[in-house]
Structures are given as C-alpha cells and as structure tokens.
Amino acid sequence: MSDLKFDVAGAEGPKRFFSRLTKESIAHGYLFTGPPGVGKKTFARALAQSLLCEAPKEHVLGYDGTCASCVLVGKEETRHPDLLESAGALKIGESDEAMAFHEADAITSRDLVRQLSLQSYSGGFRVFVLGDVDFASPAAANALLKFFEEPPARVVLLLTTPTPSRLLSTIRSRLVEVRFPSLRQSEVTAILRDKGFDAKKAQLGAALSQGSVTRALAALSDDEEQLRDQVAQWFFEVVKGDTPEESWASRETLDEGLEIVKTLVRDWIALRPESGKAGAALAVDYEPKLKKLPKITAATATNALTKIGEAQRLARTNVSPALVSELVRMSLSPN
Ligand SMILES: [Zn+2]
C-alpha cells in the first residue's frame, strides 16, 4: 500500500483528518474552508480521485494514479462519469438552461437534484466537487437539503468556500467543516516550480504570496509587476528625500500599492536595522537596493508602518488617492 500517493502540498491537518477515515466512515458532505488559493480545490480533487481509485486500501486517502479510474480522472480535466466537478466560482441557481454539468458556470437546482439521484456508473462512489460554492436561490439550497435528508449510499459532496458564513446555516450544519490553513512559503515555492516558474520567480512569488497560490500568481502577473516597479521606484526616491510623481496611486491600484510599500518598509527594517542583526527580505528582487539604504531607526519604522496602516484604511474611503499616498510619503521622507 506504500505505493499510493496523495499529491497535494501543505494541508497537513486535513491530510491527518482524512487519513483516519475509511470508505465506511466517510460522511456525505464536507465543507472545505480557508483563504483563497491555499489548495482546497486541489485537495478536494485528490480526495475524489482517492475515493474512485480501484487500488485496495484500508483508509480513503491515496491513489495509485494508474488504474482505469485514475486515468479517467485525469490531470487537467476529468472524464470520469462518477466525478462531477466545477472549477472556479459556482453559483447554483434556479434557472434551467439545461446545460451539461461540467460546462455549466451556473448549475441549476434541477441539474443538482438529477445528478445527486443518479447511480454510480462504476458501482463505487459518486463524488461531487463544487468549488467556491454559492447557492444563489432557495430552490438550490432546498435541493441540497433534500439530499441530506435521505442521502444515497456512497455519494460524497466536497464543497469549498472562502466565506462559509455566506452559506445557509441549514446547509452548513449538515456538512463536516475542514479548515485549510495558509500555505508555508516553501510550499508555495514548490507549487510555483511545479507550474513551470523558474526558481527566482517562484521564490519571489512565494515571498509575496501571504500563503496563497492565488496571490502569488497575481503578484507574478505582468500588471502587478509593473505596479511593483512603479511603487518601488517611487519608494526609493521618497526615502532619498525627493518628491516624485505619485502616478501609481490611482483608485484601482492604491490598496495593492500600499501593500507593496509596506513590504518594502518591512524589508528595509529587516535588512538595515539600527541595532541588532539583519534578517531576510520578502521582496527579494529589491534586496540589493534596500541594502544600500541608510539604517532605519525603530521609531521611524514604527511611525511609517502606522501611517501606512492609516493610509490603507483611508484607501477604502473616498479620500483622494493622491492625499493618501502623500501621507505615506511624508512618513518616509527624511526631510
Ligand atoms: Zn487508481
């Protein structure tokens, strides 16, 4: 049995939880919660594959990757008749446009009822992976409640959501909640490497990810890189005492821009502390420039971070972006 695998980064808690379950003790419905981009859907998919895999095993977790079922589950897109999955945000609504299950952005409640009542094709489990689930209508929620009243044997629902509070409590109470924590930086690096990023990019993305692959990918996107460059240029001029143009601070980019400034200030403190030993930078691509900055005192650092925090709150109000960035500039300027 040691040749079975479960190829999912992080998620140690959920792995321990499911590794104790057997095909007999697994519940009918699970709700995976946790921040976006920490692997909830990846885990749900791997668990589904584990349930469908034909390899003999004592506990549910793990698959061989080679049996007929595993081949049908596939890596990108499933062709397994007993695995129904939806990628991305899913709203289950009332309207009935009779779309096929896997091409539907909006599964109808009627689809859901029909699908939940079908028998397994292969005589084993039937697994539903519904990512970022959102029941748009009472009809859809009712369809699911009916399912839980008399669940057919060997049907497992795996729902994921970053916002469990938005689910109806009647539904939520019937699901076993499994919490997914943020990923470790090394785990994000490994996932990005797996996605084809070179070592340097993967390290940078992971450093800026705050434990979320979604955030890491956003940070590595072209738009975001441009913004990072603009903000960094502004930052280095400001700390020299110049008054550069604040072209990065628009209504759309202000929030993200301030987050970038915050990372740069934290790195400045880490790399050039007034006393004590220097630490490691998050924004590794600016490390050489940050190392050339003068040492920063604890008082200046605290003041700057407080002002950035204030600016972030103001950024969510109607205060003009130029005023907000000016507030941050003054806290960072040596003049
Ligand atoms: Zn298999």
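Residues numbered from 1 in each chain as written. Predicted model: local features only at pLDDT ≥ 70, side-chain atom pairs only at ≥ 80, totals over all residues. Heavy atoms only, no water.

Caption draft 1: Seen up close, the coordination of the zinc ion. Note on the zinc ion: its protein donors are C53 (SG), D64 (OD), C67 (SG) and C70 (SG). The metal-donor distances range over 2.1 to 2.3 Å. Donor residues for the zinc ion sit on one chain with the sequence pattern C-x10-D-x2-C-x2-C. Taken together, the residues span a long stretch of sequence, with C53 in the loop between α2 (40-52) and α3 (68-73) and C67 in the loop between α2 and α3 at a distance of 14 residues. Assigned by exposure class, C53 and C67 land together as buried. (Donors = N, O, S within 2.8 Å, 3.2 Å for Na, K, Ca; no water. Helix = DSSP H or I, 4+ residues; strand = E, 2+ residues; numbered from the N terminus. Buried < 20%, exposed > 50% of the residue type's maximum accessible area, 1.4 Å probe, protein only.)

Caption draft 2: Just the packing of helix α11 (residues 254-271) against helix α14 (residues 321-332), in detail. Interhelical geometry of α11 versus α14 gives an angle of 5° and a closest axis separation of 11 Å. It follows that α11 is roughly parallel to α14 by the angle criterion. Mapping the contact onto sequence places L254, L258, V261, V265 and W268 in α11 and P321, V324, V328 and L332 in α14. Grouping the amino acids of the contact of α11 with α14 by side-chain chemistry returns nine nonpolar, no polar and no charged. (Axes fitted to C-alpha atoms, helices over the stretch in contact; angles between N-to-C directions. Parallel < 35°, antiparallel > 145°, perpendicular 65-115°, else oblique. Contact = heavy atoms within 4.5 Å. Nonpolar A, V, L, I, M, F, W, Y, C, P; charged D, E, K, R; others polar.)

Caption draft 3: Up close: the pairing of strand β1 (residues 29-33). Across the five residues of β1, five count as buried, placing the element largely inside the fold. Where β1 lies against strand β6 (residues 155-161), five bridges are found, and the strand directions are parallel. Residue pairing for β6: T33 is matched across the bridge by T161. In this sheet, strand β7 (residues 176-179) lies alongside β1 in parallel orientation, the contact comprising four bridges. Each bridged residue has a counterpart across the sheet, and for Y30 the counterpart in β7 is V176. (Pairing = 2+ DSSP bridges.)

Caption draft 4: Representation of the environment of V213 in the model. Examined against the element boundaries, V213 turns out to sit in helix α9 (residues 213-219). Between the C-alpha atom of V213 and that of S331, which follows or precedes it by 118 residues, the distance is 32 Å. Sequence-distant contacts of V213, that is, excluding residues within four places in its chain, are made with G37, L183, I191 and K195.

Caption draft 5: The arrangement of the pattern of salt bridges in detail. Counted according to the given criterion, the structure contains twelve salt bridges. Between E256 and R215 there is a salt bridge, with its nearest N and O atoms 3.5 Å apart. Note that E256 is positioned in helix α11 and R215 in helix α9, a separation of 41 residues in sequence. Given the relative accessible area of 31%, R215 is considered partly exposed. (Salt bridge = Lys/Arg side-chain N within 4 Å of Asp/Glu carboxyl O.)

Caption draft 6: Geometry of the pairing of strand β2 (residues 83-86). Burial along β2 is two-sided: the residues L83 and E85 and L84 and S86 are all buried. Strand direction decides the pairing type here: β2 and strand β4 (residues 126-130), joined by four bridges, are parallel. Following the sheet pairing, E85 is matched in β4 by V129.

Caption draft 7: Just the nonpolar core, in detail. Ranked by internal contacts, the top residues of the largest apolar core, which has 45 residues, are F18, Y30, F32, F43, L47, V127 and L158. For this core, the secondary-structure elements that each account for two or more residues are β1, α2, α3, β4, β6, α7 (185-194), α8 (199-207) and α9. At seven residues, the largest contribution of residues to this core is made by α2. Residue contacts for Y30: discarding those within four places in its chain leaves F17, F18, L21, V156, L157, L158, L159, L175, V176 and V178. Within the second largest apolar cluster, 33 residues are counted, among which are W248, L264, L290 and L327. (Core = buried A, V, L, I, M, F, W, Y, C linked by side-chain atoms within 4.5 Å.)

Caption draft 8: Focus on the packing of aromatic side chains. Under the criterion given, the structure shown has 15 aromatic pairs. The interplanar angle of 65° and the centroid separation of 5.0 Å between the aromatic rings of F18 and Y30 together place this pair among those described as edge-to-face. In this pair, F18 is assigned in helix α1 (residues 12-19) and Y30 in strand β1, connecting sequence segments twelve residues apart. Aromatic pair F43 and F180: ring centres 5.2 Å apart, planes at 80°, arrangement edge-to-face. Of this pair, F43 sits in helix α2 while F180 sits in the loop between β7 and α7, and the two are 137 residues apart along the sequence. Residues F43 and F180 agree in their burial class; the two are buried. Three or more aromatic residues link up through ring pairs in this structure, and these residues are F6, F17, F18, Y30, F32, F43, Y63 and F180. (Phe/Tyr/Trp six-rings, centres within 6.5 Å; stacked < 30°, edge-to-face > 60°.)

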